[in-house]
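Below, each chain spelled out in residue letters.
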Amino acid sequence: MAMKIRKAILPAGGLGTRFLPATKASPKEMLPIVDKPMIQYAVEEAQACGIEEFIIITGKNKRAIEDHFDSAFKLEESLKKSGNKRLLEEISRLNNLNFAYIRQREALGLGHAIYCAKPFVKDEPFAVLLSDDIIEPGTGLLKDMISMYREFDSPILALEKVPLSEVHKYGIVDGVKEREGIYKINNLIEKPSPAGAPSDMAIIGRYILTSDIFEVLESVRPGKGREIQLTDALFGLLKKRQIYGYLFTGKRYDAGDKLGYLKATVDLALKNQQVSEQFKNYLIKVAARIKN
Ligand code: UTP
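Residues numbered from 1 in each chain as written. Predicted model: local features only at pLDDT ≥ 70, side-chain atom pairs only at ≥ 80, totals over all residues. Heavy atoms only, no water.

Even after reading the chapter, I still don't get the overall build of the chain, so can you show me in this structure?
Helix and strand content of the chain: 11 helices and 13 strands. Taken against the 2.2 N^0.38 rule, which gives 19 Å for 292 residues, the C-alpha radius of gyration of the chain at 20 Å falls within 12% of a compact globule. Considering only C-alpha atoms, the chain reaches an extent of 60 × 50 × 40 Å along its principal axes. Taken over 292 residues, the chain has a buried fraction of 48%. Pairs at least 24 apart in sequence give 76% of the contacts found in the chain among residues at least 6 apart. For the chain, the exposed area adds up to about 15300 Å²; of that, 53% sits on carbon and sulfur atoms. Placing the 44 positive and 38 negative side-chain charges of the chain at their respective mean positions leaves the two points 4 Å apart. (Helix = DSSP H or I, 4+ residues; strand = E, 2+ residues; numbered from the N terminus. Rg over C-alpha atoms; globule rule 2.2 N^0.38 Å. Buried < 20%, exposed > 50% of the residue type's maximum accessible area, 1.4 Å probe, protein only. Contact = heavy atoms within 4.5 Å. Areas by Shrake-Rupley, 256 points an atom, 1.4 Å probe, with all protein chains shown as cover. Lys, Arg positive; Asp, Glu negative; His and termini not counted. Charge placed at Lys NZ, Arg CZ, Asp CG, Glu CD.)

This is how it looks when you write it as structure tokens:
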């Protein structure tokens, strides 16, 4: 029987070069979207699925992440005194979660970042969330992936259809449709050329993985970009067991990229109770100005 998913790995050891100079001394994962750092969206998404243990892979200049998830007694006391219930609730919402931090000494790739978590995960299945992929809150993607894991007892990858002009940015899979939205994977290629892409289905930043991935990662050699690629390890794992893909049709933002980040900011601001009305009016004015 499939084991319960209790743990999530959040890799945050990358260099964030697409966001320089903002990421020169501060972590990309702490860039706010409206009023919350990107990584908190991912933590809340996993928390909503009952996950309470978080393993964050950090690197150079990433200390702000640890400080962010630390308890803040003084701040909570002062909010209590001033009677600011909304902010107090906002600040203490994550207090029952456990965080562990592992330092990836060198940014050797996503596969290597996941491998760093091996001693903390042991033989349990786990979720992986890349916090610069913002999934519109409330879509239930991770929940659906977890129930798929329960059904198939196999690793599950979140997939999204992308234009051929963008396949070079992703791991691309080939698969056989099992039923609506569910694919049995039969090939994976990291960052192919449009001509070499087996399909237009890209792996996005949500995974349910099983602990046998660590064994494969141990022997994966550096691939595209001279990085230890998770996609290459999944290709190795595919020789040993079945892997399934779940085609996500909701909204995702590649917020590790400037344009994606701006789109996420605009869309989530339009959904934010405190600013949505005024921000909408402002956007209408901006749109009129641009048109003229
Ligand atoms: P990205 O491909 O977005 O790389 O990594 P990056 O370094 O963060 O950003 P760019 O491309 O240089 O602008 C995808 C995810 O994998 C993590 C990143 O932190 C991000 O969450 N990662 C990547 C690691 O944890 N370690 C690595 O060595 C590489």
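Got a minute to help me understand helix H10 (residues 258-269) in this structure?
Working note: α-helix, 3.6 residues per turn, so residues spaced by three or four point in the same direction. Look at H10: 16 Å from first C-alpha to last across 12 residues, which is about the 16 Å you get at 1.5 Å a residue. Of the residues making up H10, those classed as buried are Gly260, Tyr261, Ala264, Leu268 and Ala269. Viewed end-on, H10 has its buried residues packed into an arc of 155°, placing them on one side of the element. Where H10 is buried, its residues contact strand S2 (32-33), helix H1 (38-47), strand S7 (133-135), strand S13 (252-254) and helix H11 (276-291). With a side-chain oxygen positioned 3.3 Å from the backbone nitrogen of Leu259, the residue opening H10 is Asp257. (Expected span 1.5 Å × (residues − 1). Arc of directions from axis to C-beta. Polar contact = N/O pair within 3.5 Å; in protein donor to acceptor, adjacent residues only side chain to side chain.)

Explanation requested: the packing of aromatic side chains in the structure shown.
How two aromatic rings sit relative to each other is given by the distance of their centres and the angle of their planes. Taken as a whole, this structure holds 7 aromatic pairs when the rule is applied. Relative to Tyr101, the ring of Phe99 has its centre 6.5 Å away and its plane inclined at 15°; by these criteria the two rings are stacked. Between Tyr115 and Phe214, the ring centres sit 6.4 Å apart and the planes meet at 65°, which makes this aromatic pair edge-to-face. Of this pair, Tyr115 sits in helix H5 (residues 110-115) while Phe214 sits in helix H8 (residues 212-219), and the two are 99 residues apart along the sequence. By relative accessible area, Tyr115 is classed as partly exposed at 27%. (Phe/Tyr/Trp six-rings, centres within 6.5 Å; stacked < 30°, edge-to-face > 60°.)

When you look at the pattern of salt bridges in this model, what are you seeing that I'm missing?
For side chains of opposite charge, pairing can occur when their charged atoms come near one another. In this structure the tally under the stated criterion is 23 salt bridges. Salt-bridge contacts for Lys36 lead to Glu44; the nearest nitrogen and oxygen are separated by 2.8 Å. Judged on exposure class, the residue Lys36 and its partner Glu44 are both buried. Here Arg206 ties to Glu45 by a salt bridge, and the two come within 2.8 Å at their closest N and O atoms. Of this pair, Arg206 sits in strand S11 (residues 201-209) while Glu45 sits in helix H1, and the two are 161 residues apart along the sequence. For the residue pair Arg206 and Glu45, the accessibility class agrees, reading buried in each case. Look at the salt bridges and you will find they share partners, linking Lys36, Glu44, Glu89, Glu90 and Arg93 into a network. (Salt bridge = Lys/Arg side-chain N within 4 Å of Asp/Glu carboxyl O.)

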